[in-house]
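Inside the fold
Each chain is listed here by its residues.
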Amino acid sequence: MRQTAILILLISLAYGCGSGGNSKGDLIGVETKSKWNSETPTGMVLVPGGTFTMGKQDEDPIGALNTPARTSTVRPFYMDETEITNSEYKQFVFWVRDSIVRTKLALMAEFSSDPATGPLADYQFQDTTDNGNMYVKYMMTNYGSLGDVNSPTLGRFLNWEEDLVYDINDLPSVEYVEVLDSMWLPLEESFDGKRMMDVRKFKYEYSWLDQEAAARQGTTRKDQIIREVIEVYPDTTVWVKDFAYSYNDPMHQDYFWHQAYGDYPVVGVSWHQSKAFASWRTKVKNDYLSSRKNGVRVPHFRLPSEAEWEYAARGGLEYGKYPWGGPYTTSDRGCFLANFKPARGDYAVDGALYTMEAKSYNRNGYGLYNMAGNVSEWTGTAYNEASYYFGSTMNPNVEDRLNHRKVIRGGSWKDVAYFLEVSSRAYEYADTARSFIGFRTVQDYLGTDLRGKK
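Residues numbered from 1 in each chain as written. Predicted model: local features only at pLDDT ≥ 70, side-chain atom pairs only at ≥ 80, totals over all residues. Heavy atoms only, no water.

Some thoughts on the pairing of strand β2 (residues 50-54)
- Burial analysis of β2 places four of its five residues in the buried class, which makes it a mostly covered element.
- Relative to strand β3 (residues 70-74), β2 runs antiparallel, the two being bridged by five bridges. Paired with Thr51 across the strands is Thr73, a residue of β3. (Buried < 20%, exposed > 50% of the residue type's maximum accessible area, 1.4 Å probe, protein only. Helix = DSSP H or I, 4+ residues; strand = E, 2+ residues; numbered from the N terminus. Pairing = 2+ DSSP bridges.)

Right, here's the structure in full:
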């Protein structure tokens, strides 16, 4: 009887709680603590969804037969108004470098004879068991981590408040130097008395869930969690390796590092590095939002699908040959409208020998720069000659992890005009880096209104 009474009491309490508040017993839906307002991410523009004719609509001079015209529809999304620049990608590289160094300093401080007052005390892990967060306290007490048992930090928080020192004339202690020594190139690879960072150690580790495979194959989540460890530093040697019998050493030495090229598109990044950048960008934004405790998270940044890229490149112009329409690559005043190679051996007639600043030439109808020329751009789509024939007409995309050929779009500073056409397709292998391939990212718009409006 007593158990029955308790059960009745619990049901009554549950009923009372469910019908309380402002609902008056009506069906009003679940209230949320915060309202979602779609916000255009910094440096991005909204590309409204719509229907367009995808593929070649006039001639196909090389006879590729891989872009037959067909009608496709894409949902709205945000897209970077420019290719990712050296300065923006360098923020990613520096974050990875600093997180590795901070982890090494914290681990060394932990094994010091007196961590609280030792030479690396300022770089200790933050005390996660005494921060007032009951979840953190429980996880650290019962599991010894916040979820990633493979992480060297075991989920503990790094101290990002204390500045790092990289100038060899200002290093604070011998222990600090020892940590940096583990990041420097070995002496036999150093010259001119300089100790330089071994950029091969700049590795970003992240995990992602292959949701489509999990949904289609009916497997468990853990079977579709993919763990990636990516070297993030761009391959600057592409400026030499891509061109035989050509002097491009200044670009090799300075293009990524010198501030003169900060606003130029990053190159020498593989498809895998581009994906890692998008993952990091998502993490940084959501970590910031989490610190504000408003419960809001943004959709993942990612590479655009091939269809999204072509739709965005057209800028709302139906049947246009180029992002500005066409059919010519110059304006009515004879000015070139993109950075490419107009004639054999003639790279500079358009005003640039190599790449140009990311905000060069005119925007297209959606406010996007350099959707033709400057650098070709990675997409998230695997290359298949016949994909236009069997792909869906709604948000078409062929995403095949086993296919290492990935679609690149837009043409580059070293390409002829054919590759600048919005419908021209090309590909490169995912682990390959080139002096003429960069990327830009997109983010899903939450909602189904094609105009991207509430």
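Picking up where we left off.
Looking at helix α4 (residues 174-181)
- Along α4, the positions that sit buried rather than exposed are Tyr176, Val179 and Leu180. Taken end-on, α4 shows its buried residues confined to a sector of 95°, consistent with a single buried face. (Arc of directions from axis to C-beta.)

Some thoughts on the pattern of salt bridges
- This structure, assessed with the given rule, holds 23 salt bridges.
- When the shortest N-O distance is used, the salt bridge between Arg281 and Asp80 registers 2.9 Å. Here Arg281 is found in helix α8 (residues 271-291), whereas its partner Asp80 is found in strand β4 (residues 77-80), with 201 residues between them in sequence. Here Arg281 matches Asp80 in class, with each residue buried. (Salt bridge = Lys/Arg side-chain N within 4 Å of Asp/Glu carboxyl O.)

Some details on the nonpolar core
- Tyr89, Phe92 and Phe439 are the most contacted members of the largest nonpolar core, which has 52 residues in total.
- For this core, the secondary-structure elements that each account for two or more residues are α2 (86-110), α4, β5 (203-209), β6 (225-231), α6 (238-241) and α8.
- Top element by residues in this core is α2. It accounts for eight residues.
- In contact with Phe92, not counting residues within four places along its chain, are Tyr204, Val232, Gln273, Ala276, Phe277 and Trp280. (Core = buried A, V, L, I, M, F, W, Y, C linked by side-chain atoms within 4.5 Å. Contact = heavy atoms within 4.5 Å.)

Side note on the sheet that holds β4
- Reading across the sheet, the four strands line up as β1-β4-β12-β7 and stay open at both edges, with antiparallel pairing between neighbours. In this open sheet, the two edge strands, each paired with only one partner strand, are β1 (44-47) and β7 (301-302).
- Here β7 pairs with strand β12 (residues 442-444) via two bridges, running antiparallel. Across the sheet, Arg302 pairs through a bridge with Val442, a residue of β12.
- Along the sheet, helix α9 (residues 306-314) makes contact with β1, β4, β7 and β12, crossing β4 at roughly 75°. (Axes fitted to C-alpha atoms, helices over the stretch in contact; angles between N-to-C directions.)

A word on empty space enclosed by the protein
- Using the criterion set out here, one finds two cavities of 30 Å³ or more in the structure.
- Surrounding the largest cavity, Met54, Arg70, Glu306, Ala307, Thr381, Ser387, Tyr388, Gly391, Pro396, Asn397 and Val398 form its lining.
- Among the elements of the structure, α9 and α10 (387-390) are those that each provide at least two residues to the lining of the largest cavity.
- Class assignment for the residues of the lining of the largest cavity results in five nonpolar, four polar and two charged.
- Lining the second largest cavity are Asn86, Pro234, Asp235, Thr236, Val238, Trp239, Met251, His252, Tyr255, Phe256, Val267 and Gly268.
- Here the lining of the second largest cavity is built from residues that sort into seven nonpolar, four polar and one charged. (1 Å grid on protein atoms, 1.4 Å probe; cavity = no way out; pocket = protein on both sides within 12 Å on 5 of 7 lines; lining within 4 Å. Points joined across faces, edges and corners; volume = space filled by probe spheres on them. Nonpolar A, V, L, I, M, F, W, Y, C, P; charged D, E, K, R; others polar.)

Observations concerning the side chain of Ser305
- Within the secondary structure layout, Ser305 lies in the loop between β7 and α9.
- Judged by relative accessible area, Ser305 falls into the buried class, the value being 8%.
- When neighbours within four sequence positions are excluded, Ser305 is seen to be in contact with Thr379, Thr381, Pro396 and Asn397.

Things to note about the pairing of β5
- Residues of β5 alternate between two faces, with Tyr204, Tyr206 and Trp208 buried on one and Lys203, Glu205, Ser207 and Leu209 left unburied on the opposite face.
- Examined bridge by bridge, β5 and β6 share seven bridges and lie antiparallel to one another. Bridging across to β6, Lys203 finds its partner in Glu231.

Some thoughts on the sheet that holds strand β8 (residues 376-382)
- In space, the four strands of this open sheet follow the order β10-β9-β8-β11, with mixed pairing throughout. Among the strands making up the open sheet, the edge pair consists of β10 (426-429) and β11 (437-438).
- One ladder, built from two bridges, connects β8 with β11; its direction is parallel. Looking at the pairing, Glu377 lines up with Gly438 of β11.

Some details on the environment of Thr40
- Residue placement: Thr40 occurs in the loop between α1 (2-18) and β1.
- With a relative accessible area of 41%, Thr40 lands in the partly exposed category.
- Here the alpha-carbon distance between Thr40 and Tyr78, two residues 38 residues apart in the chain, equals 7.1 Å.
- Setting aside residues no more than four positions away along its own chain, Thr40 makes contact with Val45 and Tyr78.

Here we look at the environment of Thr219
- Considering the arrangement of structural elements, one finds Thr219 in the loop between α5 (211-217) and β6.
- Residue classification places Thr219 among the partly exposed positions, given a relative accessible area of 30%.
- Apart from the residues lying within four places of it in its own chain, the contact partners of Thr219 are Ala213, Ala214 and Gln224.

Re the packing of α2 against α4
- It is the contact of α2 with α4, at a shortest axis distance of 10 Å, that shows an interaxial angle of 135°. Relative to α4, the element α2 is oriented oblique. Where α2 crosses over α4, the handedness of that crossing is right-handed. Counting all contacts with α2, which are made through Val101, Lys104, Leu105 and Met108, the residues of α4 involved are Glu175, Tyr176, Glu178, Val179 and Leu180. (Parallel < 35°, antiparallel > 145°, perpendicular 65-115°, else oblique. Left-handed = near helix turned anticlockwise from the far one by under 90°.)

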